[in-house]
Amino acid sequence: MIDTPRTSHEPRTPGRRGRSALRNALVVGATLALAAAGTVTALTGTASAASTLAGAAAEQGRYFGTAIAAGRMGESDYMSVLNREFDSITAENAMKWDALQPSRNSFNFSTADRIANHARSQGMKLRGHTLVWHSQLPSWVTSLSTNDLRSTMNNHINRVMGQYKGQVHSWDVVNEAFEDGSSGARRNSVFQQRLGNGFIEEAFRTARAADPDAKLCYNDYNTDNWNHAKTQAVYNMVRDFKSRGVPIDCVGFQAHFNSGNPVPSNYHTTLQNFADLGVDVQITELDIAGSGSSQAEQFKGVTQACLAVSRCTGITVWGVTDKYSWRSSDTPLLFDGNYNKKPAYQGVMEALGGSDGGGTTGGTDGGTDGGTTGGGDTASCTVTYEQTERWGDRFNGRVTVRAGSAPITNWSTTVTVSSPQKISATWNGTPSWDSSGNVMTMRPSGNGTLAAGSSTSFGFTVMANGNWNAPRLGSCTAS
Ligand code: XIL
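First things first, this report covers the structure right here in the doc. Treat the numbers as computed from the prediction; the structure is a model and nothing was measured.

Observations regarding the pattern of salt bridges
By the definition in use, this model includes 19 salt bridges. Here Asp 240 ties to Arg 244 by a salt bridge, and the two come within 2.9 Å at their closest N and O atoms. Of this pair, Asp 240 and Arg 244 both sit in helix α10 (residues 229-244), four residues apart, which is roughly one turn of the helix. Using a relative accessible area of 40% as the deciding quantity, one classes Arg 244 as partly exposed. Measuring nitrogen to oxygen at the nearest pair gives 2.8 Å for the salt bridge that ties Arg 327 to Asp 287. Taken together, the positions of Arg 327 in the loop between β10 (312-317) and α13 (343-352) and Asp 287 in strand β9 (residues 280-288) put the pair 40 residues apart, joining distant regions of the chain. Of the two residues, Arg 327 and Asp 287, neither departs from the other in class, the shared state being buried.

Regarding the site of the ligand
The ligand sits among 13 residues. The nearest are Glu 92, Lys 96, His 129, Glu 285 and Trp 318. Glu 176 places a polar side-chain atom, nitrogen or oxygen, 3.1 Å from a nitrogen atom of the ligand.

Things to note about the pairing of strand β2 (residues 63-68)
For β2, a buried count of six out of six residues is recorded, marking the element as mostly surrounded by other parts of the structure. Residues Tyr 63, Gly 65 and Ala 67 of β2 are buried on one face, and the alternating residues Phe 64, Thr 66 and Ile 68, pointing to the opposite face, are buried as well. In this structure, β2 lies alongside β10, joined through four bridges in parallel fashion. In the strand pairing of β10, Thr 66 is matched with Val 317. Across four bridges, β2 lies against strand β3 (residues 88-91) in parallel orientation. Paired with Thr 66 across the two strands is Ile 89, which belongs to β3.

Structural notes on the pairing of strand β5 (residues 168-175)
Counting buried positions along β5 yields eight of eight residues, so the element is predominantly enclosed. Where β5 and strand β6 (residues 215-220) come together, five bridges link them in parallel fashion. Directly across from Trp 171, in β6, lies its bridge partner Leu 216.

Observations concerning the sheet that holds strand β14 (residues 422-427)
In space, the four strands of this open sheet follow the order β11-β12-β17-β14, with antiparallel pairing throughout. Looking at which strands have only one partner, the edges of the open sheet turn out to be β11 (381-390) and β14. Strand-to-strand twist in this sheet, taken as the mean axis angle between neighbours without regard to direction, amounts to 25 degrees. Of the strand pairs in this sheet, strand β12 (residues 394-403) and strand β17 (residues 455-463) are connected by nine bridges, and their pairing is antiparallel. Residue Thr 400 lies in a different strand from β17, and its bridge partner there is Ser 457. Across the sheet, helix α3 (residues 76-85) touches β11 and β12, and the angle it forms with β11 is around 110 degrees.

Some words on the nonpolar core
Phe 64, Trp 171, Val 174, Phe 204, Ile 283, Leu 286 and Leu 334 are the most contacted members of the largest nonpolar core, which totals 97 residues. Beyond its immediate sequence surroundings of up to four residues, Val 174 is in contact with Thr 130, Val 132, Phe 199, Ile 200, Ala 203, Phe 204, Cys 217, Tyr 218 and Asn 219. In terms of nonpolar packing, the next biggest core, distinct from the first, is built from 23 residues, Phe 395, Val 399, Val 417 and Leu 450 among them.

Some details on helix α12 (residues 292-307)
Given a rise of 1.5 Å per residue, 16 residues ought to cover 22 Å, and the 23 Å separating the end C-alpha atoms of α12 matches this to within 8%. The secondary structure elements touched by the buried residues of α12 are β8 (256-257), α11 (267-275), β9, β10 and α13.

A closer look at α10
The terminal C-alpha atoms of α10, which comprises 16 residues, lie 23 Å apart, in line with the 22 Å expected from a rise of 1.5 Å per residue. Among all positions of α10, only Lys 230, Thr 231, Ala 233, Val 234, Tyr 235, Met 237, Val 238 and Phe 241 are buried. Where the residues of α10 are buried, they touch α9 (198-210), β6, β7 (250-253) and α11. Just past α10, the residue Gly 245 takes up positive phi, approximately 75 degrees.

Structural notes on the packing of aromatic side chains
Taken as a whole and judged by the stated rule, the model has 17 aromatic pairs. Seen in terms of ring centroids, Phe 109 and Tyr 164 are 5.9 Å apart; in terms of plane orientation they differ by 80 degrees. Their pairing is edge-to-face. Residue Phe 109 is found in the loop between α4 (97-100) and α5 (110-121), and its partner Tyr 164 is found in the loop between α7 (146-163) and β5; the two are separated by 55 residues along the sequence. Given the relative accessible area of 10%, Phe 109 is considered buried. When the centroid spacing of 6.4 Å and the interplanar angle of 85 degrees are considered together, the rings of Trp 226 and Phe 274 count as edge-to-face. With Trp 226 in the loop between β6 and α10 and Phe 274 in helix α11, the pair connects residues that are 48 residues apart, well separated along the chain. Trp 226 sits in the buried class, given a relative accessible area of 18%. Lying over the aromatic face of Tyr 324, Arg 72 brings its terminal NZ or CZ to 3.7 Å of the ring centre. When the ring centre of Tyr 221 is taken as reference, the NZ or CZ atom of Lys 230 above it lies at 3.6 Å.

Things to note about unusual backbone geometry
Of note, the bond from His 129 into Thr 130 is cis; its omega dihedral lies within 30 degrees of zero at 0 degrees. With respect to the helices and strands, Thr 130 occurs in strand β4 (residues 125-132). Following Ser 419, the chain continues into Pro 420 via a peptide bond in cis, with omega recorded as 10 degrees. By the secondary structure assignment, Pro 420 is in the loop between β13 (411-416) and β14. Within the chain, Gln 136 stands out as a residue other than glycine whose phi angle is a positive 50 degrees. Here Gln 136 shows up in the loop between β4 and α6 (139-142). Judged by its relative accessible area of 29%, Gln 136 falls in the partly exposed class. Unusually for a residue other than glycine, Ala 255 sits at a positive phi of about 65 degrees. Tracing the backbone through its elements, the reader meets Ala 255 in the loop between β7 and β8.

What counts, and at which threshold
Residues numbered from 1 in each chain as written. Predicted model: local features only at pLDDT ≥ 70, side-chain atom pairs only at ≥ 80, totals over all residues. Heavy atoms only, no water. Salt bridge = Lys/Arg side-chain N within 4 Å of Asp/Glu carboxyl O. Helix = DSSP H or I, 4+ residues; strand = E, 2+ residues; numbered from the N terminus. Buried < 20%, exposed > 50% of the residue type's maximum accessible area, 1.4 Å probe, protein only. Near = heavy atom within 4 Å. Polar contact = N/O pair within 3.5 Å; in protein donor to acceptor, adjacent residues only side chain to side chain. Pairing = 2+ DSSP bridges. Axes fitted to C-alpha atoms, helices over the stretch in contact; angles between N-to-C directions. Contact = heavy atoms within 4.5 Å. Core = buried A, V, L, I, M, F, W, Y, C linked by side-chain atoms within 4.5 Å. Expected span 1.5 Å × (residues − 1). Phe/Tyr/Trp six-rings, centres within 6.5 Å; stacked < 30°, edge-to-face > 60°. Lys NZ or Arg CZ within 6 Å of the ring centre and 35° of its normal.

In structure tokens form, the structure reads like this:
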């Protein structure tokens, strides 16, 4: 990996499939461009997928996802960070029972479809959440008789999984079916009351038939500490399912942590013990109340615990930005309300070995050096891309350049288009070109001063010539 000090890479790749192939292609392309230009100053560095959460996780063979709220999809900063940083999406609410089947046999997929379509258009994975859950369940379900409830549950699974068949990598088939506390008992939900213990098994069998390619997960919270009764109860259920051939592929750990429920020191043990039953494990709804280096250490520790378990296939955080978190007063996420990366972000990147982690890569010490995760105050900038218009032969793109935690006086960044695409116009910047004409280096038109955290943008028109791929951003360099 080529390291460029005081530089932050924020590539926007056209899709997440073959991400490292793309990165390699970009590195090769940039190298060729350098050779052709005969200079090493024409470009500011090679874009590296490892400067985003998804890119760095992909280098470790994992996905890095987030929950998203359909109602926020019109906000451009929200979408830029989503598209830049994550390669898996969970609908925060849009695939729950009350959203999809608000009244009996009347399904409404429009909002969930928007989320699924966005994931597909970005080459992102989609996590399905959730089919059978006592919460966000319409009241008409709770008044059904046993037989009606059984057929209704199976019908719901079939219809919803059918709608997204082939698109969902993992489904939370059953969510939160166990009690908290020391009893280890099943939760006294309407499903449990009417259908008994067997409802969980029945839901998984129905789900397997509905979409044989989706991984089927049991998902819960407070199952992180190996010594807790609830953890043991879920473990025993999964062991029983595996021994009897009940189809289950994964266990989701929601991972909503706060000071009363901190990341347990035996988290790795818990994940490994479940994995040893022959299921994948996934961190599915991660958020951790707090701030600063203590929050960063905990995020780092959770990430390290996942990386230490080969069957821990990915991490999903429960939202993009603190301001829209379901518990926003806890500021539990990786981006603050202005979409700045928090120390928590750096903590995750340190664990993933990404290039935004303050230089500490591959640490295995359980997160005790989280104090190095502050943003620093050297000049830096990040870049994000979005398409703003599209016509039959061309599209317009906008790149937003944002200063990091220190003010900057100048910046430059690169935009690479794929032949036979050609950039035919630019505005709000001063472009220069490599000899291939595919790599544009953009600098400010006039004064490049930006206050800490503030942004400017430039635009350009790409003649598609049949290729509609999004341009790739290189690094942003600031002084
Ligand atoms: C939460 C959402 O984040 C909120 O917007 C909603 O009001 C309530 O549900 N466990 C889960 C998630 O499995 O679906 C929950 O999501 C958080 C707890």
